[in-house]
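Per-entry structural report
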Amino acid sequence: MTPEEVSQDEKGLTLSLATFGKDFVDSYSYGPKASDTILHCADYSSEEEIRKPNCIPITFSIDCSAKEIRKGVIVECKVKFPGGRQDFRPTLTWTVSAGASQSSVTATSIKVSLADSRKPKIRVTVKVVSPSICSDTASMELQVVKPKIRPKRH
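Residues numbered from 1 in each chain as written. Predicted model: local features only at pLDDT ≥ 70, side-chain atom pairs only at ≥ 80, totals over all residues. Heavy atoms only, no water.

Looking at the sheet that holds strand 6 (residues 74-80)
By definition, the strands of a sheet pair up through backbone hydrogen bonds, in either a parallel or an antiparallel sense. On the basis of which strands lie adjacent, the open sheet formed by 4 strands has the order 4-6-9-8 and antiparallel pairing. The open sheet is flanked by strand 4 (61-64) and strand 8 (100-105), the only strands paired with a single partner. Direction aside, the axes of adjacent strands within the sheet are offset by 30° on average. (Pairing = 2+ DSSP bridges. Helix = DSSP H or I, 4+ residues; strand = E, 2+ residues; numbered from the N terminus. Axes fitted to C-alpha atoms, helices over the stretch in contact; angles between N-to-C directions.)

Shown next, in the form of structure tokens:
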């Protein structure tokens, strides 16, 4: 048996041929044509495709209840998928940078409070662990509002 692979990237077709006295198709696959590369997501790279083959091209973002964070105020951040996809329920991991704490984490949101007002910004990050999507991480920066110092009265 001599397997031979025939690939036609311009048509998106790959055939694997095997010979047992007669040629027959052992397997086939159909994928994007070479001309389909313009349809990739804006942040697509061939290096990413090698790192994460067969990933789902879904993009997402984080939407927070405020752009600023201050002591004593809780900011809720939610993950947003395009078109409000309610049927897409990925496994997520949330993280916050030093100077903040998490008070509540659900499947699609996190509540963040400020622990150290000396930090200039707090970064909230969400990563899609499963399924494998091409761009799996989104972040949002919250500007830290410094407490106003009142002059002492004598």
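Some thoughts on the pattern of salt bridges
In total, this model carries 4 salt bridges according to the counting rule given. Measuring nitrogen to oxygen at the nearest pair gives 2.8 Å for the salt bridge that ties arginine 123 to glutamate 141. Remark: glutamate 141 occurs in strand 11 (residues 137-144) and arginine 123 occurs in strand 10 (residues 121-130); sequence separation between them is 18 residues. Judged by relative accessible area, which is 37%, arginine 123 ranks as partly exposed. For aspartate 136, the salt bridge identified is with lysine 127, shortest N-O distance 3.4 Å. (Salt bridge = Lys/Arg side-chain N within 4 Å of Asp/Glu carboxyl O. Buried < 20%, exposed > 50% of the residue type's maximum accessible area, 1.4 Å probe, protein only.)

A look at unusual backbone geometry
With an omega of 0°, the peptide bond between serine 130 and proline 131 qualifies as cis. By the element assignment, proline 131 lies in the loop between strand 10 and strand 11.

Points about the pairing of strand 11
Because side chains alternate across strand 11, one face comprises the buried residues Ala138, Met140, Leu142 and Val144, and the other comprises Thr137, Ser139, Glu141 and Gln143, none of which is buried. Inspection of the sheet shows strand 5 (residues 68-69) paired to strand 11 by 2 bridges, in the parallel sense. Each bridged residue has a counterpart across the sheet, and for isoleucine 69 the counterpart in strand 11 is valine 144. With 7 bridges joining them, strand 10 and strand 11 adopt antiparallel strand pairing. Bridging from a neighbouring strand, valine 126 pairs with alanine 138 of strand 11. Between strand 10 and the antiparallel strand that follows it, strand 11, lie 6 residues.

Brief notes about the packing of aromatic side chains
Summed over all chains, the structure comprises 1 aromatic pair. Here the aromatic rings of phenylalanine 60 and phenylalanine 81 are separated by 5.4 Å at their centres, their planes lie at 35°, and the arrangement is tilted. Highlighted residues: phenylalanine 60 in the loop between helix 1 (46-51) and strand 4 and phenylalanine 81 in the loop between strand 6 and strand 7 (91-96), separated in sequence by 21 residues. Phenylalanine 81 shares its class with phenylalanine 60; the two are buried. (Phe/Tyr/Trp six-rings, centres within 6.5 Å; stacked < 30°, edge-to-face > 60°.)

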